[in-house]
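Single-letter residue listing:
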Protein chains: 2
Amino acid sequence: MNNVSSKLLDSAVTELSKLPGIGKKSALRLAIHLLRRDAIDVELLGNSLIKMRNETQFCKRCHNISDGELCEVCRSPKREHSTICVVENINDVIAIENTGQYQGVYHVLGGIIAPMEGIGPADLHIESLFQRIKDEDIKEVIMALPTTVEGDTTNFYIYRNLSKSLNKITTISRGVSIGNELEYTDEITLGRSILNRLPYEDYMNK
Amino acid sequence: MNNVSSKLLDSAVTELSKLPGIGKKSALRLAIHLLRRDAIDVELLGNSLIKMRNETQFCKRCHNISDGELCEVCRSPKREHSTICVVENINDVIAIENTGQYQGVYHVLGGIIAPMEGIGPADLHIESLFQRIKDEDIKEVIMALPTTVEGDTTNFYIYRNLSKSLNKITTISRGVSIGNELEYTDEITLGRSILNRLPYEDYMNK
């Protein structure tokens, strides 16, 4: 694949194929597509990637991705700053924001406690979460970590440290996905959704 | 999806999702991947795309993609400059180069004759092909266009114009793909592969 008659095309293909999920063939297809696009479009693409990498920061309060010292969520006066949703990564923030159902703020841990991989509490933004509970007027912490052993460990670690100073520590509900059929739902999820059943009135009002 | 807390990330996602086959979710995944890569890697990627778009040219002889006036194939003294392979696009050049089986040079039409889409011979690099046959010492023209009505039309148009001045006009062979089973091969391909059967000695020597 390195026999291409243009070294410039070749190096673009090489760089594109370093992206996850993009092999040599897709990279070539993308590069040839870009050759046909207006030069200004390609500059927009290239520069937006470089600018994003060089200029984005992480919010010094919640560690979410940000264009300034504080992210837009932390800066917004419309959000409920007394509710913190604890997530693993910025992807999770984006996923929750896209639901349009959450009005509180976030705290991005930047990972979860994984002793097998040598990741302990000190490697994550956990201490700064505890500090926020002390400094800010927080009424509720919502745990939205993955349902893995590591996620549960992290949940428990945070719960143990916060339960004395904070009354309301909740976790997002797990259950049968909307639109999914019961018979195809895994047993653990289905079991939990029965244990954590809700009054029908609550369900109707949502 | 536009509620991301960083406008820089948002614009990178928007630009990435303009690429063919990349939706908003994949674009976000790629952008977050790039955020985690070294800044120098992202600059390499961005700049290689911009440089490719701005600095590649098309070979003035064969219209293949090129870093200079003439492409590497046309410049190479190792190639047989008396054999021209006529292809639709630069993708086809790359595909044939990757086989390592072709030692001649190319002529890239930049499309095929498609009256339904208003593409006639004058819109393609066909006249310059005829000029090459006159100017250069060409012994064989190999047609490697798609097996569509448009491809056949283009083949015939070129054949009609060249058959008087050139003895050897060939076309790449069509047949059952190597490794494919006969029963799953479409009838037209299988039919052609019987009509165009080869002496077994020829097959063995390749």
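Structural notes, computed from the coordinates. (Residues numbered from 1 in each chain as written. Chains lettered and ligands numbered in written order. Predicted model: local features only at pLDDT ≥ 70, side-chain atom pairs only at ≥ 80, totals over all residues. Heavy atoms only, no water.)

Describing the relation of the copies chain A and chain B
Then, in step 1: Expressed as a screw transformation, the operator carrying chain A onto chain B has a rotation angle of 180° and an axial translation of 0.1 Å, and the superposed copies differ by an RMSD of 0.1 Å. Both copies are brought into coincidence by an operation consistent with a two-fold rotation axis. Taking the C-alpha atom as reference, chain A places G46(A) closest to the rotation axis, 1.9 Å from it.
Then, in step 2: Of all interface residues in chain A, 100% are interface residues in chain B too; the two copies therefore contact each other through one and the same surface. (Least-squares fit on C-alpha atoms with pLDDT ≥ 70 in both. Contact = heavy atoms within 4.5 Å.)

Some details on the interface of chain A and chain B
Then, in step 1: Contact residues are listed per partner, giving 57 residues for chain A and 57 residues for chain B.
Then, in step 2: For the pair chain A and chain B, the summed buried area comes to about 5,300 Å², and 66% of that belongs to carbon and sulfur atoms.
Then, in step 3: Together, S5(A), L8(A) and R53(A) form the three largest contributors to the area buried by chain A at its contact with chain B, with a combined 13%.
Then, in step 4: Connecting chain A to chain B are two salt bridges.
Then, in step 5: K7(A) is paired through a salt bridge with E72(B); the nearest N and O atoms lie 2.9 Å apart.
Then, in step 6: Among the secondary structure elements, those contributing two or more residues to the side of chain A that touches chain B are α1 (7-16), α2 (24-36), α3 (39-55), β2 (65-66), α4 (72-75) and α5 (90-99) of chain A.
Then, in step 7: Among the elements that make up the side of chain A that touches chain B, the one with the highest residue count is α3(A) (16 residues).
Then, in step 8: In the side of chain A that touches chain B, the residues fall into 27 nonpolar, 15 polar and 15 charged. (Buried area = accessible area lost by both parts, 1.4 Å probe. Salt bridge = Lys/Arg side-chain N within 4 Å of Asp/Glu carboxyl O. Helix = DSSP H or I, 4+ residues; strand = E, 2+ residues; numbered from the N terminus. Nonpolar A, V, L, I, M, F, W, Y, C, P; charged D, E, K, R; others polar.)

Some remarks on the pattern of salt bridges
Residues and elements named next belong to chain B.
Then, in step 1: Per the stated rule, a full pass over the model turns up 18 salt bridges over all chains.
Then, in step 2: With its nearest N and O atoms 3.4 Å apart, the salt bridge here joins D41 to R37.
Then, in step 3: For the salt bridge of K51 with E55, the shortest nitrogen-to-oxygen distance reads 3.3 Å. Residue K51 and its partner E55 are both found in helix α3 (residues 39-55); the two are separated by four residues, about one turn of the helix.
Then, in step 4: Under the relative-accessibility criterion, K51 is labelled partly exposed at 40%. (Buried < 20%, exposed > 50% of the residue type's maximum accessible area, 1.4 Å probe, protein only.)

A look at the sheet that holds strand β6 (residues 168-171) of chain A
What holds strands together in a sheet is hydrogen bonding between their backbones, with the strands either parallel or antiparallel.
Residues and elements named next belong to chain A.
Then, in step 1: Overall, parallel pairing links the four strands, which are arranged β4-β3-β5-β6 in an open sheet. The open sheet has two edge strands with one neighbour each: β4 (104-108) and β6. Averaged over all pairs of adjacent strands, the angle between strand axes in this sheet comes to 25°, irrespective of strand direction.
Then, in step 2: Pairing between strand β5 (residues 140-143) and β6: four bridges, direction parallel. Of the residues in β6, the one forming a bridge with M143 is T171. (Pairing = 2+ DSSP bridges. Axes fitted to C-alpha atoms, helices over the stretch in contact; angles between N-to-C directions.)

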